[in-house]
Amino acid sequence: MFEKLKNITLFDTSAYTILGIVLGDVDTYHILEINKIKDQLTVSKSFSTKSFKEVVKAINPNSALIVNFSGKGVISKQVLPKENYLNEVLFNASPSGFYSYTLFQKEHNFVSVARKEVIDEQFQLLKTNKLTPIDFSLGVFVSYLAQPLLLEEKIRLEQVELHFSENTLVDFKNKDYSVKEYTLGTEIITSSDIPLLASLLNFLYPSSEIDYDKDFLIANIEERKFKKLFDLAAVGSIVVFFIALLGSYLLLNYFNREYVKSEEQLYHFNDNYFQIKKMEEELQNKEFIIRNSGIQNNKFLSFYIQEIAKSIPDHIILNSLQINPLERKIKVNEKVVLTPNLIMVEGSVNSSSHINEWVRELGAYKWIQKIEILDLKTNKDNTGSFILKIVLN
């Protein structure tokens, strides 16, 4: 909307509501909502009603509210530009009891006045319903600010017609007119919208040609700024909270993944550790077997077998020869335990003297440390059995 207005920056908000209150036996309300989207102004809502409840319901509490008063109780006059020009409008009444709104032009001043008690009653009604205006205007003369946009010499409003010459307001006529439509860029606005649009323009870019007192609205402006800051802080806090929550969620996921990865690595490490320990035990067992089997000795098993076999007397029959025998019988999954440097010999003999002679002969070998006769039995038929224990060096 409004190619000539597209560069306007709307204070601290992107939404404005201008409320026109036409005072009368039954007040009439006209609402104009203007939004700023990027660098364009658009009319989002425009309607009239006689229901104040509908007004309260329709106004966006987040938008900035500006009020225009007209109708019964608002007096508008054209006076000469001189000192105490208000006296020509108020006569003997005290100016302190009125709100005044003056448009200064070259040849005349155009003044609108209304009793403060009438306007304050409307402000109080708005405040009771949590609506806080930040600016206001009286009468229709503020529409002067819209004339450069309309490019009309005559602007017809609902109850007055404004006459312009060389972009200056020169006269006005009070008369009831039907609603007229005007084109601004690609937007269509009505004659009821023009004073409201002009009131917004005066708020955005205050005109030096317009004079009125709005100091009593400073508290509303400060309250709106504070509310805006509070809302921004609340939104900021929520954003920070959700960012922190998202960060916590991402960190939690990251640490969970790292935990699972570490658990997996620990599992594989433990498995490898137990495998290594098992292999080390097997290695130790095999080393023990090899170390005690005589493989690493200069004279291996075959040497002992050969030497013992050669020394057996004719009268002795060898039944069994065990080198490094088992300490006990082996059970399932039990470690094999050998007795190192030991030879067990079992056999048959017909005389104990032959055993004694063979023991003396074996005892002469340097690789034998000790020989013990563990068992020697003689039967009635002069046959017997024996068990020898030979300990090697």
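My aim in this report is to walk through the structure given alongside it, one point at a time. (Residues numbered from 1 in each chain as written. Predicted model: local features only at pLDDT ≥ 70, side-chain atom pairs only at ≥ 80, totals over all residues. Heavy atoms only, no water.)

**Looking at unusual backbone geometry**
We note that Asn84 has phi near 55°; this positive angle belongs to a residue other than glycine. As for its position among the elements, Asn84 is in the loop between strand 5 (74-79) and helix 2 (87-90). Taking the relative accessible area as the measure of exposure, Asn84 reaches 56% and is therefore exposed. (Helix = DSSP H or I, 4+ residues; strand = E, 2+ residues; numbered from the N terminus. Buried < 20%, exposed > 50% of the residue type's maximum accessible area, 1.4 Å probe, protein only.)

**Some remarks on the side chain of Gln105**
On the secondary structure map, Gln105 appears in the loop between strand 6 (98-104) and strand 7 (109-115). The contact partners of Gln105, leaving out residues within four places of it in the chain, are Phe110, Tyr144, Thr168, Leu169 and Glu209. (Contact = heavy atoms within 4.5 Å.)

**Re the sheet that holds strand 16 (residues 342-349)**
One open sheet holds the 4 strands; their spatial order is 15-16-18-17, and the pairing between them is antiparallel. Of all strands in the sheet, those with a lone pairing partner are strand 15 (316-323) and strand 17 (368-378), marking the two edges. Neighbour-to-neighbour, the strand axes of this sheet turn through a mean angle of 15°, independent of strand direction. As defined by bridge partners, strand 15 adjoins strand 16 across 7 bridges and the pair is classed as antiparallel. Pairing of Ile316 across the sheet is with Val349, part of strand 16. Where helix 7 (residues 301-311) meets the sheet, it contacts strand 15, strand 16 and strand 18 (384-392), and its direction lies at approximately 165° from that of strand 15. Strands in contact with helix 8 (residues 352-362) are strand 15, strand 16, strand 17 and strand 18; relative to strand 17, the strand with the most contacts, it is inclined by about 175°. (Pairing = 2+ DSSP bridges. Axes fitted to C-alpha atoms, helices over the stretch in contact; angles between N-to-C directions.)

**Let's talk about the environment of Tyr177**
The topology assignment puts Tyr177 in the loop between strand 11 (168-174) and strand 12 (181-184). When the C-alpha positions of Tyr177 and Val160 are compared, they lie 7.3 Å apart, and in sequence the two are 17 residues distant. The residues contacting Tyr177, other than those within four sequence positions of it, are Arg156, Leu157, Glu158, Gln159, Val160 and Glu161.

**Notes on the packing of aromatic side chains**
The full count for this structure, using the stated rule, is 23 aromatic pairs. Relative to Phe164, the ring of Tyr144 lies with its centre 6.4 Å away and its plane at 20°, an arrangement referred to as stacked. Here the residue Tyr144 occupies a position in the loop between strand 8 (133-138) and helix 4 (147-150), and Phe164 occupies one in strand 10 (residues 160-165), the gap between them amounting to 20 residues. The class of Phe164 is buried, set by a relative accessible area of 5%. (Phe/Tyr/Trp six-rings, centres within 6.5 Å; stacked < 30°, edge-to-face > 60°.)

**Observations regarding the sheet that holds strand 9 (residues 154-156)**
Read across the sheet, 3 strands follow the order 9-10-11 without closing on themselves; strand pairing throughout is antiparallel. Every interior strand has two partners, whereas the edge strands, strand 9 and strand 11, have only one. In this sheet, adjacent strand axes meet at a mean angle of 20° when their direction is disregarded. Here 6 bridges tie strand 10 to strand 11, and the two strands are oriented antiparallel to one another. By the bridge assignment, Val160 is partnered in strand 11 with Asn174.

**Re the side chain of His354**
Mapping His354 onto the fold places it in helix 8. Setting aside chain neighbours within four positions, we find His354 in contact with Pro313, His315, Ile316 and Val349.

**Focus: helix 5 (residues 194-204)**
Counting buried residues in helix 5 gives 11 out of 11 residues, a clear majority hidden from the surface. Taken together, the buried positions of helix 5 are Ile194, Pro195, Leu196, Leu197, Ala198, Ser199, Leu200, Leu201, Asn202, Phe203 and Leu204.

**Considerations on the pairing of strand 1 (residues 15-23)**
Two faces make up the sheet, and in a regular strand the side chains alternate between them. A large share of strand 1 lies buried, amounting to 8 of its 9 residues. Note: strand 1 against strand 2 (residues 28-37), 8 bridges, orientation antiparallel. Bridging from a neighbouring strand, Gly20 pairs with His30 of strand 2. With antiparallel pairing between neighbouring strands as the criterion, strand 1 and strand 2 make up a hairpin whose turn holds 4 residues.

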